[in-house]
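One letter stands for each residue in the lines below.
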Amino acid sequence: MNNAPVIACQGLTKAYRDINRQKYVVACKDITLQIDRGEFITVVGPSGCGKTSLLYIFAGFERKSSGQLTIDGRPIEGPGADRAVVFQEFALFPWLDLRQNVEFGPRERGISRSEMDATVSRMLRTVGLESAASLYPHELSAGMRQRAALARVLVNDPKILLMDEPFAALDAQTRLTLQRELSKLSAEMALTVMFITHSVEEAVLLGDRVVVMSARPGRIMADVKISIPRPRDPTSPAFNDYRREISDRLEQASMTTAASQAEGP
Amino acid sequence: MTESNTPALCGGFDEATEDPKQILLLPNWLGRWALGLMLPALLILLWQIAGNLGWMPPGSIPTPWAVIESWYVWIFGPATPLAWHSGTWTLYVLLSLRRVAAGFAIAAATGVTFGLLLGWYSVMNDIFDGLINFLRAIPTTAWVPFTVFFFGIHESAAIFLIAFGAFFPIATSVAAGARQTPRTLIRAALMLGTPPRRLLRRVVLPSTLPVTFAALRVGLGLSWVLVIVSEMLAVQGGLGYALWSAYQVNRLDLIVDAIVTVGALGLISDRLLVQVSHYALRWQRGLIGR
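The rules behind the values
- Residues numbered from 1 in each chain as written.
- Chains lettered and ligands numbered in written order.
- Predicted model: local features only at pLDDT ≥ 70, side-chain atom pairs only at ≥ 80, totals over all residues.
- Contact = placed C-beta atoms within 7 Å.
- Helix = DSSP H or I, 4+ residues; strand = E, 2+ residues; numbered from the N terminus.
- Nonpolar A, V, L, I, M, F, W, Y, C, P; charged D, E, K, R; others polar.
- Core = buried A, V, L, I, M, F, W, Y, C linked by C-beta atoms within 7 Å.
- Buried ≥ 20, exposed ≤ 12 C-beta atoms within 10 Å, placed from the backbone.
- Expected span 1.5 Å × (residues − 1).
- Bend = angle between axes of the 7 residues up to and from the residue.
- Pairing = 2+ DSSP bridges.
- Axes fitted to C-alpha atoms, helices over the stretch in contact; angles between N-to-C directions.
- Parallel < 35°, antiparallel > 145°, perpendicular 65-115°, else oblique.
- Left-handed = near helix turned anticlockwise from the far one by under 90°.
- Right-handed = clockwise from strand over helix to strand, strands pointing away.

Caption draft 1: Quick look at the interface of chain A and chain B. Each side of the interface is counted separately: chain A has 21 residues, and chain B has 14 residues. Counting only elements with at least two residues in the side of chain A that touches chain B, the list comes to strand 5 (83-86) and helix 2 (98-108) of chain A. Of the residues belonging to the side of chain A that touches chain B, the class tally is 13 nonpolar, three polar and five charged.

This is the structure:
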């Protein structure tokens, strides 16, 4: 039971209708992927490869065009608090201060203030924002905002964490700290994580598995298991080998796409 | 005076050494205020001098001093059935204020509610878009004869005209604002467990708040326009009524009194609304350079 895949999809395809050109655009095609309970997978791919579409389908924001998809053995009917999403642009509610942002989820689920207070405080402490609780999102740095966005979803005790290039807008130092914290938190909370990035280094640093996707239409080109113990040292030879392997695959992926585009009508 | 002021200021400075800006801001703010008053004061002075020197034809434009004198009578004069412009100022101000308050309150409540529904539910937009754009294209003043015919010379005529006229700009702006609600915020709320039917209140409404306050300011300004129009044509009493009555007896001094009164009331009510919006939008402070 424990090793049954949490997210399982087979032959998943997503096509959008391009209204301006009256044709269909295939964002991702024939995706077959299994993510096990407690597994941390990272997805890399050139921009426009449909990785965000895939994540939005898992989140329930968008519907699949065809194929099979189950989460915890059930089909998806829409967004839900069991699948937490962290967006690249943070998506904090600007009219709520930090604490109110974190309280948003519990409130919507009908949890009383006295019940949620301790959890919310603990979550703010976990991400190191307890002293900033009364600040509004625009008063925070990008790093603090993403921490807050993380606290806002983790307070709901989700099983699955879907992250769409969450650290892309951060400076290198902040990114490094947050990567480390995320690694620790996801292990502690036994989260199943799908993490989208365009940084190969980040993918190898965080993932139990790295999934490489090709450019549009997005397909899975490789699924590499990273067997380096944590914490991982990005300067070690083993890490470098993986990084080279993923980079090569990624290069192949974009070459395949370029070739297919050249052949295409 | 200056001598005694300076030590007091310095004393305050010493006490608040942690944030000297707080103290420095006050004279700065006062200075800017004085700067803003300089031009109006100069214009009034020139106007008075021009009157005294006989540059203006007598009996045409009154001097500032004549304006103030007639204003005094209008405010403090004995109430008499023989002259409407004696001692009626407070009553007229209250009448106009009441009409604006009632009309604007109706327009704000219905306009914001309707605008949010219109912007958020595409069905609502499909149903009402044509009708609203047609009604919006009719200048509100064109409704005056109809309104008087329908309501008679009665308070409700003025209140209806204000509410009806201010409703459309508020509703259409709020609808446009609601349509601009960032998609990620909607998605974030859904993902945090907000049921779709509650999105309007939990995300669209607060997200539209900045646009809503801008729309309310436009609506309030329009309310003052419409109260004057309706008092000139449709109801008795009030500043518009005073304006029209003064015109009919060639009392330009009273006309100026009424104009300045309306301007001051419009300015004060707008400032009040801005204060409310500053409080409601305090989460935005520093975001837009204020």
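Caption draft 2: The arrangement of the nonpolar core in detail. Among the nonpolar cores identified, the biggest contains 131 residues, and A:Ala151, A:Leu162, B:Ile162 and B:Ile170 are the most heavily contacted of them. Per-element accounting of this core gives the leading share, 15 residues, to helix 7 (residues 155-179) of chain B. Look past the residues within four positions of A:Leu162 in its chain and what remains in contact with it is A:Leu55, A:Phe58, A:Ala59, A:Arg83, A:Ala84, A:Val85 and A:Met194.

Caption draft 3: How the structure looks around helix 7 of chain B. Residues and elements named next belong to chain B. If you check helix 7, its first and last C-alpha atoms are 36 Å apart, about what 25 residues at 1.5 Å a residue would give, namely 36 Å. A bend of about 30° at Phe-167 is the largest found in helix 7, and the proline Pro-169 appears one to four places after it. Most of helix 7 is tucked away, with 19 of its 25 residues classed as buried.

Caption draft 4: Spatial organisation of the sheet that holds strand 3 (residues 40-44) of chain A. Residues and elements named next belong to chain A. Here six strands make up an open sheet; going across it, the order is 5-6-7-3-8-9 and the pairing mixed. The open sheet is flanked by strand 5 and strand 9 (220-225), the only strands paired with a single partner. Each adjacent strand pair in this sheet contributes to an overall mean axis angle of 15°, direction not counted. For strand 6 (residues 160-164) and strand 7 (residues 192-196), the ladder comprises five bridges, and the chain directions are parallel. Looking at the pairing, Asp-164 lines up with Ile-196 of strand 7.

Caption draft 5: The arrangement of the packing of helix 7 of chain B against helix 9 (residues 199-233) of chain B in detail. Residue and element names in this part refer to chain B. Two elements in contact, helix 7 and helix 9, have axes separated by 8 Å at closest approach and are oriented at 155°. In terms of axis orientation, helix 7 runs roughly antiparallel to helix 9. Taken as a pair, helix 7 and helix 9 cross one another with a handedness that is right-handed.

Caption draft 6: Layout of the sheet that holds strand 1 (residues 5-18) of chain A. All names here are of chain A. Taken in spatial order, the three strands of this open sheet run 2-1-4, and their pairing is antiparallel. Both outer strands of the open sheet, strand 2 (23-36) and strand 4 (66-71), are each paired with one neighbouring strand and no more. Averaged over all adjacent pairs, the angle separating strand axes in this sheet is 25°, with direction ignored. When strand 1 meets strand 2, the two strands line up antiparallel, connected through ten bridges. What sits directly across from Arg-17, in strand 2, is Tyr-24.

Caption draft 7: Region of interest: the pairing of strand 6 of chain A. Residues and elements named next belong to chain A. Along strand 6, five of the five residues are buried, which leaves the element largely enclosed by surrounding structure. Of the two faces of strand 6, the one carrying Ile-160, Leu-162 and Asp-164 and the one carrying Leu-161 and Met-163 are both buried. In the sheet, strand 5 pairs with strand 6 via four bridges, with the strands oriented parallel. Looking at strand 6, one finds that Arg-83 is bridged to Ile-160. Crossover strand 6 to strand 7 through helix 5 (residues 172-188) is right-handed.

Caption draft 8: Geometry of the environment of B:Gly177. All names here are of chain B. Note on placement: Gly-177 falls in helix 7. A residue is classified by how many C-beta atoms lie within 10 Å of it, and Gly-177, with 21 of them, is buried. Along the sequence, Gly-177 and Ser-269 sit 92 residues apart, while their C-alpha atoms lie 24 Å from each other. With residues near it in sequence (within four places) discarded, Gly-177 still touches Gly-119, Thr-208, Val-211 and Thr-212.

So far we have only geometry, and geometry alone does not tell us how the molecule works.
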